[in-house]
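A closer look at the structure
The lines below spell out each chain.
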Amino acid sequence: MVENIEAFEESLLSLDRIQAKEILTQEPDTALFEALETVVVPTMESIGQKWEEGEVALSQVYMSGKICEEIVEELLPLDDETRIEHPNIAIMVYRDFHMLGKRIVLTFLRASGYKVSDYGHQESIDEIIKRIKSDKIEILLISVLMLNSALHLKELTDAIKAANLSTKVVVGGAPFRFDTHLYQEVGADAFGKSASDIIDIIDTLKAK
Amino acid sequence: MTPMQRVLTTLGHEEPDRVPYFLLLTLHGAKELGLSIEEYFSNGQNVFEGQKRLREKYGHDCYYSFFYAPIEVEAFGAKVIYSEDGPPNSATPFLKKEMIPTLQAPDAKTAPILQKVYEATRLLKAHAKDEVPIIGVVMSPFSLPVMQMGFEAYLDLIYNEPKLFDQLMDVNMKFCIDFANAQLEAGATAITYFDPISSPTIIPKEIYLKTGFKIAQQSIAQIKGATATHFASGNVLPIMDILPQTGTAVVGVSTFEDLGELKKAAKQKLSLLGNLNAIEMRKWSVEETKAYVKEAIRKGGKGGGFILAENHGEVPYFVQEETLLAIKEAVEEYGNYPLQD
């Protein structure tokens, strides 16, 4: 299996979509979820970790995720009922207009078999509360790039608490990498340094 | 020494009277003048007045004639969105890849939105004479498309559409060079070439060599003044060996990389600008600020080739006056040459 992970990673980083698909489809269809767990997730985690350590670039994380997402979506359409629906997850960008971080995390989750609601760019706290209530969102993932957007998240997390919602908030983006205590200051439950942290964070929050 | 002499001495890799420091303040000018950020950036007179007051208060070694990053896409016709406590942002990207073949660069010299930059620069030049360097800014042709097209669409273009990529670079390069030279004509001493996409944090070195590196070489060669290249807190160590070949004299470095290692890698071919943590700075006590400044000077100051600054290229709005004053005091305390161990 380790060989598969290494080969899959190599094919993604060299943008070899055909080879990547071959590796994933070596197993019979019924083993797809196993392949997602044993090949896709560790590979994407490894690529994310390598970005964190400065060994690969963000563009490679993005392109790898995109190829991976395309292959997985062919094998497992977004509306497939076997996708992981629990916990109920939504993702959005808050206040600023920098969408790449959200896109990479969304790609990673979809390539890992998760069903995720994409809320796009959001500014209105009332609108966000309304949506997470109606969609019964258990984990809300929020990406920001600007420091002021990050600091304004406190108003949102306060509103979620005031509405008596048990939704957990996970944040990510540059301000949280440069100040690793900032997520607590804005009332979030966790933060991801890179997209590769997301599965562990979801598992930890699920266990709570 | 005047700030100009101090900066030129350190850029010559010699030790001036003390370590120069650049507080790259933009939004704080609005606070100083009691204006909203949108009002502040609406004309050159405000920015001149803001820069003048900020340097009077904090004593740093430059004026910064930078307004806001999306002013360049605004010149292309894009919309800019203001906020009450952060830098203006570009709104929805205006450029689809299908539009690239017919895209034309605005005339940087006559573009109405850029006149306020030239006005501020001219006023600063008249005020500073040649005693304080005035630092202008351009986005690199290679990094501007993030605001023109959006990040995802631009990465797809880099990887999948080489012809369209080249066409876009031609347009952006002309605009970048003209904008830089117009600022120099107005009185800027040097130009900061902001190129975050070229950082190995964002793009692998092998792609950089084929793209951002060559574009920097061609652009910087046509900018008629000194340039500093800033990666806006992205890493640079893996490309430090080739950066001098772009023609840049100074590199803005990240807090995630060690100043001592960077200094070694610069091999007296590049001067360093950095690398205080701009995000954490908001919460630093006076004591913490002084400790960080002392450490940066210890690692980067010896032998010159070093300007103390934060690592992002713009001090966030939330950084307090006390912290900025503590940086000033710490430089005065620990930054006099010869440096004490």
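The rules we used
- Residues numbered from 1 in each chain as written.
- Chains lettered and ligands numbered in written order.
- Predicted model: local features only at pLDDT ≥ 70, side-chain atom pairs only at ≥ 80, totals over all residues.
- Helix = DSSP H or I, 4+ residues; strand = E, 2+ residues; numbered from the N terminus.
- Rg over C-alpha atoms; globule rule 2.2 N^0.38 Å.
- Buried ≥ 20, exposed ≤ 12 C-beta atoms within 10 Å, placed from the backbone.
- Contact = placed C-beta atoms within 7 Å.
- Pairing = 2+ DSSP bridges.
- Axes fitted to C-alpha atoms, helices over the stretch in contact; angles between N-to-C directions.
- Parallel < 35°, antiparallel > 145°, perpendicular 65-115°, else oblique.
- Left-handed = near helix turned anticlockwise from the far one by under 90°.
- Domains from an automatic or database assignment.
- Nonpolar A, V, L, I, M, F, W, Y, C, P; charged D, E, K, R; others polar.
- pLDDT = per-residue confidence, 0-100.
- Arc of directions from axis to C-beta.

**Digging into the overall build of chain B**
Within chain B one finds 14 helices and nine strands. Taken over the C-alpha trace, chain B has a radius of gyration of 19 Å; the compact-globule value for 341 residues is 20 Å, and the two agree within 12%. If one aligns the C-alpha atoms of chain B with their principal axes, the spans along those axes are about 60 × 45 × 35 Å. Counting only residues that meet the buried cut, chain B has 57% of its 341 residues in that class. By sequence separation, contacts in chain B at least 24 residues apart represent 72% of the contacts at least 6 residues apart.

**Section: the overall build of chain A**
Per the secondary structure count, chain A includes ten helices and five strands. For chain A, whose C-alpha radius of gyration is 17 Å, the value lies close to the compact-globule estimate of 17 Å for 208 residues. Seen along its three principal axes, the alpha-carbon backbone of chain A occupies a region of about 50 × 35 × 30 Å. The contacts of chain A with a sequence gap of at least 6 include a subset with a gap of at least 24, amounting to 73%.

**Things to note about the interface of chain A and chain B**
Counting residues at the interface gives 21 residues for chain A and 23 residues for chain B. Only helix H4 (58-75), helix H5 (100-111), helix H7 (147-162) and helix H8 (174-178) of chain A provide two or more residues apiece to the side of chain A that touches chain B. No other element matches the five residues that H4(A) contributes to the side of chain A that touches chain B.

**Side note on the sheet that holds strand E4 (residues 134-139) of chain B**
All names here are of chain B. Spatial strand order, E1-E4-E5-E6-E7-E8-E9: seven strands in an open sheet with parallel pairing. This sheet does not close on itself; its edge strands, each paired only once, are strand E1 (63-64) and strand E9 (306-310). Of the strand pairs in this sheet, strand E5 (residues 190-194) and strand E6 (residues 226-230) are connected by five bridges, and their pairing is parallel. Counterpart to tyrosine 193 in the pairing with E6 is threonine 229. On top of the sheet, helix H1 (residues 3-11) reaches strand E7 (250-252), strand E8 (271-276) and E9; it is set at about 110° to E9, its chief contact.

**Digging into the packing of helix H12 (residues 259-266) of chain B against helix H13 (residues 286-300) of chain B**
Residues and elements named next belong to chain B. Closest axis-to-axis distance for the H12/H13 pair is 8 Å, and the angle between their directions is 25°. By the angle class used here, H12 and H13 are roughly parallel. The hand of the H12/H13 crossing is right-handed. When H12 is examined against H13, the residues Leu259, Gly260 and Lys263 are found in contact with a partner set consisting of Ala296, Lys299 and Gly300.

**Thoughts on the pairing of strand E3 (residues 139-143) of chain A**
Sheet faces and side chains relate simply in a regular strand, where the side chains alternate between the two faces. Residue and element names in this part refer to chain A. Within E3, five of the five residues are buried, which leaves it mostly tucked inside the rest of the structure. Neither face of E3 is open: one carries Ile139, Leu141 and Ser143, the other Leu140 and Ile142, and all of them are buried. In this sheet, E3 lies alongside strand E1 (residues 84-94) in parallel orientation, the contact comprising five bridges. Across the sheet, isoleucine 91 pairs through a bridge with leucine 141, a residue of E3. As paired elements, E3 and strand E4 (residues 168-172) share five bridges and run parallel to each other. Among the inter-strand pairings, isoleucine 139 is bridged to a residue of E4, identified as lysine 168.

**Digging into the domain arrangement of chain A**
All names here are of chain A. Under the domain assignment used here, chain A contains domain 1 (2-75) and domain 2 (84-207). With 19 residues of domain 1 at the contact, the number on the domain 2 side is 13 residues. Secondary structure elements with two or more residues in the side of domain 1 that touches domain 2: helix H3 (32-52) and H4. By residue number, the principal contributor to the side of domain 1 that touches domain 2 is H3, which donates eleven residues. Of the residues assigned to the side of domain 1 that touches domain 2, the class counts are eleven nonpolar, three polar and five charged.

**Focus: the environment of A:Lys161**
Position of A:Lys161 relative to the elements: it lies in helix H7. Assessed through the 13 C-beta atoms surrounding it within 10 Å, A:Lys161 is described here as partly exposed.

**Some points on the confidence of the model for chain B**
Within chain B, residue pLDDT values average 97, and 100% of them lie at 70 or more. Interface predicted TM-score (ipTM) for the complex: 0.95; the corresponding pTM is 0.96.

**Describing H12(B)**
Residue and element names in this part refer to chain B. Among the residues of H12, those classed as buried are Leu259, Leu262, Lys263, Ala265 and Ala266. The buried residues of H12 occupy one face: seen down the axis, they fall within an arc of 165°. Exposed and oriented more than 90 degrees from the buried face of H12 are Gly260 and Lys264. Among the structural elements, E8 and H13 are those in contact with the buried residues of H12. Where H12 terminates, the next one or two residues include lysine 267, which has phi positive at roughly 45°.

**Considering the sheet that holds E3(A)**
All names here are of chain A. Read across the open sheet, the five strands follow the order E2-E1-E3-E4-E5; overall the sheet is parallel. What marks the edges here is a single partner per strand, and that holds for strand E2 (114-122) and strand E5 (190-192). Sheet twist, expressed as the average angle between the axes of neighbouring strands with direction ignored, equals 25°. Looking at chain direction, E4 and E5 are connected through three bridges and run parallel. Bridge pairing links valine 170 to alanine 190 in E5.

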